[in-house]
Amino acid sequence: MPDGLLESVRKIGEEVVRPAADDVDREARFPAEAFAALKSAQALSAYVPRELGGAGLAIGEVARLCETLGHYDGSVAMIYAMHSIQVACIVHHARDTAYFRRYLAEVAERQLLMASATTEVGTGGDLRSSVCAIELAGGRFTLAKKAPVISYGREADDLLITCRRDAASPAADQVLVLARRAECGLEEISGWDTLGFRGTCSSGFAVSARGSAEQVLPAPFADILSRTMHPVSHILWSSLWLGIATDAVQRAHAFVRAQARRTPGVPPPSALRLAEVDTVLQTMRSNIAAALHRYERVLAGEAAQESGFRFAIDINNLKLASSTLVVDIVGRALLVCGIEGYRNGSKHSLCRHLRDAYGAALMVNNDRIAGHNATMLLAQREGAKDG
Amino acid sequence: MESQYAEKIRHIVVQHGRLAVPAERLAEDTDLYKAGLTSLATVGLMLALEEQFNVEFTDDMLGRQTFGTIGSIAQAVAKLVPK
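Source: prediction; values computed, not measured.

Reading the values: rules and limits
- Residues numbered from 1 in each chain as written.
- Chains lettered and ligands numbered in written order.
- Predicted model: local features only at pLDDT ≥ 70, side-chain atom pairs only at ≥ 80, totals over all residues.
- Helix = DSSP H or I, 4+ residues; strand = E, 2+ residues; numbered from the N terminus.
- Rg over C-alpha atoms; globule rule 2.2 N^0.38 Å.
- Buried ≥ 20, exposed ≤ 12 C-beta atoms within 10 Å, placed from the backbone.
- Contact = placed C-beta atoms within 7 Å.
- pLDDT = per-residue confidence, 0-100.
- Nonpolar A, V, L, I, M, F, W, Y, C, P; charged D, E, K, R; others polar.
- Core = buried A, V, L, I, M, F, W, Y, C linked by C-beta atoms within 7 Å.
- Pairing = 2+ DSSP bridges.
- Axes fitted to C-alpha atoms, helices over the stretch in contact; angles between N-to-C directions.

Right, let's talk about the overall build of chain A for a bit. Within chain A, the regular secondary structure consists of eleven helices and seven strands. Since a compact globule built from 387 residues should have a radius of gyration of about 21 Å, the 21 Å found for chain A is in line with a globular shape. Within chain A, buried positions represent 50% of all 387 residues. Look at the contacts in chain A between residues 6 or more apart in sequence, and 76% of them connect residues 24 or more apart.

Confidence along chain B averages 88 in pLDDT terms, with 98% of residues attaining 70 or more. With pTM at 0.93, the complex prediction returns an ipTM value of 0.81.

Next up on the list: the interface of chain B and chain A. Each side of the interface is counted separately: chain B has 19 residues, and chain A has 19 residues. Partitioning the side of chain B that touches chain A into residue classes produces eleven nonpolar, five polar and three charged.

This paragraph deals with the nonpolar core. In this structure, Val177, Ala245, Ile329, Val330 and Ala333 of chain A are the most contacted members of the largest nonpolar core, which totals 120 residues. Examining the composition of this core, we find that 18 residues originate from one element, helix H6 (residues 221-262) of chain A, more than from any other. Among all residues touching Ala333 of chain A, those that are not within four sequence positions of it are Ala248, Val249, Arg251, Ala252, Val277, Gly341 and Leu350 of chain A. Leu37, Ile70, Ala76 and Val77 of chain B belong to the second-largest nonpolar core, a separate cluster that totals 28 residues.

Residue and element names in this part refer to chain A. Pairing is antiparallel across the open sheet formed by four strands, whose spatial order is S2-S3-S7-S6. For this open sheet the edge positions go to strand S2 (135-137) and strand S6 (184-190), each flanked by a neighbour on one side alone. Going from strand to strand, the sheet's axes swing by 10° on average, the running direction of each strand aside. Two strands pair when backbone bridges link them, and strand S3 (residues 140-147) and strand S7 (residues 204-212) are joined in this way by eight bridges, in the antiparallel orientation.

Moving on to unusual backbone geometry. Residues and elements named next belong to chain A. One non-glycine residue, Gln42, lies in positive phi territory at about 65°. A tally of 19 C-beta atoms within 10 Å means that Gln42 is categorised as partly exposed. A positive phi angle, near 40°, is found at Tyr152, a position not held by glycine. Tracing the backbone through its elements, the reader meets Tyr152 in the loop between S3 and strand S4 (158-164).

As structure tokens, this is what we get:
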């Protein structure tokens, strides 16, 4: 990685993101100062290929950036991760078309922030079915969608929207369409006043978009989902949850060290709990590293993704494990910090960490994911193995 | 050779494929994914095919190349059914 970008993001984390995090959380407002700083560091084109003006980072390097931001503010990291997922979908599945090459160059040039409208009112959270359909005529499209959640929809420059291929297509025959902000109407249909990830401003919107037919990604959404959106989402989300968990453990660590200084020679009782939570943190970190390694091999063409469901099951397992471990880890760190961790605004506070952590299991509900795994395992002959 | 399986397969696809297309509109070369088949739905389809033809699909057969059309399923089944 250009250590430059990681270093810049770390500096932005310290100087801009952390100082604003409590206010972003309290007010449930978009972290505008964080994204102004990330844009000036060219961080929004981290995954755009170099020849199109981006930093051309590998997915593992983008994961590091998500993790790093997660240390400072889960909402900022979540927005950055979601943006990066959209960029990856275009880079992997549309960069060969003239329109999307120009678009990626524009993302780099203008540091555009991309959001996603995949869920829909009436589909019960199932990404693989759409009610709305795109209408194409004379090289132009129109599309209307009611999305119960579009994270930072108000602040995003552009949206990737799933919909049926045409009015006659079944719910599962979907395409992904880029809607440019200038040609996209958004009417808020629900607000975002939640337990955690408050800064993601994930309100619901009725979207009405139009544009050129070139803005439809050429690959079927099913392929984009299985090859990119699904693995990249769970890897980047897990990475930012790891950032939240790591910061929680660091706060616990600082707390124990402060206690230990008061009784030199006798480790405080909380030191044992710190040792325990450190073990769990390592498990979480190793899990992510393994999945990332696997996916990087798939991207490099060194390992097959298509043989059966093993890869999809393992990526789901990563999500199930990380989203559970982040709650476990922050909870353990809270026990170490005690009332100082329970207090808002203290330097050992873990309140925001814990509230954010509980969101992890809900964004694509773990029960739905476990259900998918239960189905896919029925078709699987061989046990877990490194693909 | 494969076409002897096609009718039974069509029946199973209609029963287990969760498609939005009526059976009579499914030709042997109709793209089942465009007709609404999802990768999760192929699991039920595969289990029903295994039961019907008393075969076992291998892991590397669980993809679009196998479940893309009734014709490609018939080819896969023909390969698995003992001669």
